[in-house]
Amino acid sequence: MNPTLDRRDFLTAGTAAAGTLAFSAGLYAQGMSSINVGIIGCGGRGSGALRDVLDADPEVKIAAICDLNEGRAKSTLRALKNKQADRVMATEETTFHGLEGYKKLLALPQVNYVILATPPGFRPDHLEAAVEAGKHIFTEKPVAVDVAGVRKCLDVARRARDKGLKIAAGTQRRHEAGYIEIMKRIHNGEIGDILAGRVYWNGTTPWNHWDKRRPEMSDVEYQLFNWYHFLWLSGDHIVEQHIHNIDVANWALRANPIEVTGMGGRSNRIAGDPNLHGNIFDHFAVELTYPGGVVIQSYCRQIDGCENNVSEAFVGTKGKTRTTSGSYIINGKDLDIPSRPYVQEHIDLVRAIKENKPLNELEQVTYSTFAAILGRMAAYSGQRLKWDEVLYGIKKKVKGEEVVDDRWFEDTMPRPLTLDMKLPADPVPVVGRWRPKRPKA
Ligand SMILES: NC(=O)c1ccc[n+]([C@@H]2O[C@H](COP(=O)([O-])OP(=O)(O)OC[C@H]3O[C@@H](n4cnc5c(N)ncnc54)[C@H](O)[C@@H]3O)[C@@H](O)[C@H]2O)c1
């Protein structure tokens, strides 16, 4: 025995080794000897996810890389090789770029785990292609920006389940031990029946590159460079960011909202030329009504100089909770539970693959994405919107025949999309007059 290991350490090490063997048996059964990651989108989160997945399990290797930007794809490969060469199978031949690069990465048979971390507008297409290619998936949130994308993701989630593919989502609170414990206690009745709640993402203004449009940049290149500020790429900040907290509400209530009303606007972000400054709002206040009439208030704001508050709170018949990352309070007691959720989400996915246990978070994250989209649409339109009517269309009888009035259908992705195309930006929505964008007939 290693003299530096005491008996407890030895037993733990032994258990871990046995676990690795058991896991590997599941992998070998699938004809693989390691988890071979392909990443699509190597920006801030993608680079973080690469570190996290390598931390998650020693059998993980990085097998392929793709980014829109050739320089970023290549520098990601270089950085990985410099830091952890023994964990990198990827070569220049398995490093891709451009809008179609993801197809080449997904065609590689050695890749069995893909990380999707591009701007969310691309996610439904990338998810569909990854499931078609039979890959296990870690998908960043949100998974769509509009109704068309949500419908596609729900269909893809079913196809993934049929194929036995595992999918984890970047709503990392679902993998954060403190949140998991709070939810267990809520679901065990510790605060009674939830009567109401509120969820916030009130923060500061995000990055922009508004002053960096080079003359040779096409509209599409510029919008991709500034993706956060264009609806078709980000879904607006209620979708891109506040989805985390809305997801916590869905989790606590184990339900989706039935209807949503709300308001919002662009009070501080420059509302100059949408072609330069984009077309998203900077604040939303939304009311989500759940089954049984439970109302959740949702606020999100991206304005500097204001109170910052990213948290959730629920009030029940017997008590209350307040959560934020790192603090989990139930009936006045703060549970002190450390966790590394960004690594844990990969540990959970890798384990599900190796042990061939069910894990498919795509439907759940799609519903949370849609709840946020519904909030955005309610605020833009000034209408109270019903979940079913927007997601499936309004069913009506006309001359005895059932017809579907799909007036809230929204499809913002420009198709066919090319990097050099002209793409005039849509104006900032005018509340009360906005209607969903659809492809031209
Ligand atoms: N879970 C979290 O806490 C968390 C935190 C930050 C970001 N995110 C999510 O991660 C995603 C990426 O955000 P980010 O902050 O890394 O953005 P980013 O701008 O830093 O990176 C995006 C990368 O995707 C690349 N890209 C764009 N379009 C592409 C395409 N079609 N194919 C391949 N590559 C493409 C870009 O070149 C860029 O390198 C977003 O969905 C965001 O919401 C999640």
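Look up: the structure comes first, before these words.
Let us look at the structure shown here. (Residues numbered from 1 in each chain as written. Predicted model: local features only at pLDDT ≥ 70, side-chain atom pairs only at ≥ 80, totals over all residues.)

### A short note on the overall build of the chain
Next up, step 1: A tally of regular secondary structure across the chain gives 15 helices and 17 strands.
Next up, step 2: Whereas a compact globule of 441 residues would reach a radius of gyration of roughly 22 Å, the chain reaches 23 Å, a difference of no more than 12%.
Next up, step 3: Counting only C-alpha atoms, the chain reaches 75 × 60 × 55 Å along its principal axes.
Next up, step 4: Every one of the 441 residues in the chain was classed for burial, and the buried ones make up 42%.
Next up, step 5: For the chain, the proportion of contacts with a sequence separation of at least 24, taken over those separated by at least 6, is 76%. (Helix = DSSP H or I, 4+ residues; strand = E, 2+ residues; numbered from the N terminus. Rg over C-alpha atoms; globule rule 2.2 N^0.38 Å. Buried ≥ 20, exposed ≤ 12 C-beta atoms within 10 Å, placed from the backbone. Contact = placed C-beta atoms within 7 Å.)

### Focus: the sheet that holds strand β5 (residues 136-139)
Next up, step 1: If you walk across this open sheet you meet the six strands as β3-β2-β1-β4-β5-β6, and the pairing is parallel. Single-partner strands in this sheet number two, and they are β3 (95-97) and β6 (167-169). This sheet shows a mean twist of 20° between the axes of neighbouring strands, independent of strand direction.
Next up, step 2: Bridge analysis of strand β4 (residues 113-116) against β5 gives four bridges, and the strand direction is parallel. Across the sheet, residue Y113 finds its bridge partner in β5, namely H136. (Pairing = 2+ DSSP bridges. Axes fitted to C-alpha atoms, helices over the stretch in contact; angles between N-to-C directions.)

### Considering the packing of helix α2 (residues 44-56) against helix α13 (residues 341-355)
Next up, step 1: For the pair α2 and α13, the least separation of the axes is 8 Å and the interaxial angle reads 55°. The angle between α2 and α13 falls in the class oblique. α2 and α13 meet at a crossing whose hand is right-handed. Seen from α2, the contacting residues are G48, D52, V53, D55 and A56; seen from α13, they are Y342, V343, H346, I347 and V350.
Next up, step 2: Along the lines of polarity and charge, the residues of the contact of α2 with α13 split into six nonpolar, two polar and two charged. (Parallel < 35°, antiparallel > 145°, perpendicular 65-115°, else oblique. Left-handed = near helix turned anticlockwise from the far one by under 90°. Nonpolar A, V, L, I, M, F, W, Y, C, P; charged D, E, K, R; others polar.)

### Considering the pairing of strand β2 (residues 60-67)
Here is the key point about a regular strand: its side chains alternate between the two faces of the sheet.
Next up, step 1: For β2, the buried fraction is high: eight of the eight residues fall into the buried class.
Next up, step 2: Handedness of the β-α-β unit built from strand β1 (residues 35-40), α2 and β2 comes out right-handed.
Next up, step 3: With three bridges connecting them, β2 and β3 associate as parallel partners. When the bridges of β3 are listed, D67 appears paired with H97. (Right-handed = clockwise from strand over helix to strand, strands pointing away.)

### Describing unusual backbone geometry
Next up, step 1: The omega torsion of the bond from K141 to P142 falls at -20°, within 30 degrees of zero and hence cis.
Next up, step 2: Looking at the element boundaries, P142 is found in the loop between β5 and α6 (147-163).
Next up, step 3: Following R415, the chain continues into P416 via a peptide bond in cis, with omega recorded as -10°.
Next up, step 4: Looking at the secondary structure, you find P416 in the segment after β17 (401-405).
Next up, step 5: Of note, the phi angle at D236 is positive, near 80°, even though the residue is not glycine.
Next up, step 6: For D236, the location among the structural elements is in the loop between α9 (231-234) and α10 (237-240).
Next up, step 7: Take D236: there are 29 C-beta atoms within 10 Å of it, and that puts it in the buried class.
Next up, step 8: Backbone geometry places N331, a non-glycine residue, at a positive phi of 45°.
Next up, step 9: Counting through the fold element by element, N331 comes out in the loop between β13 (327-330) and β14 (333-335).

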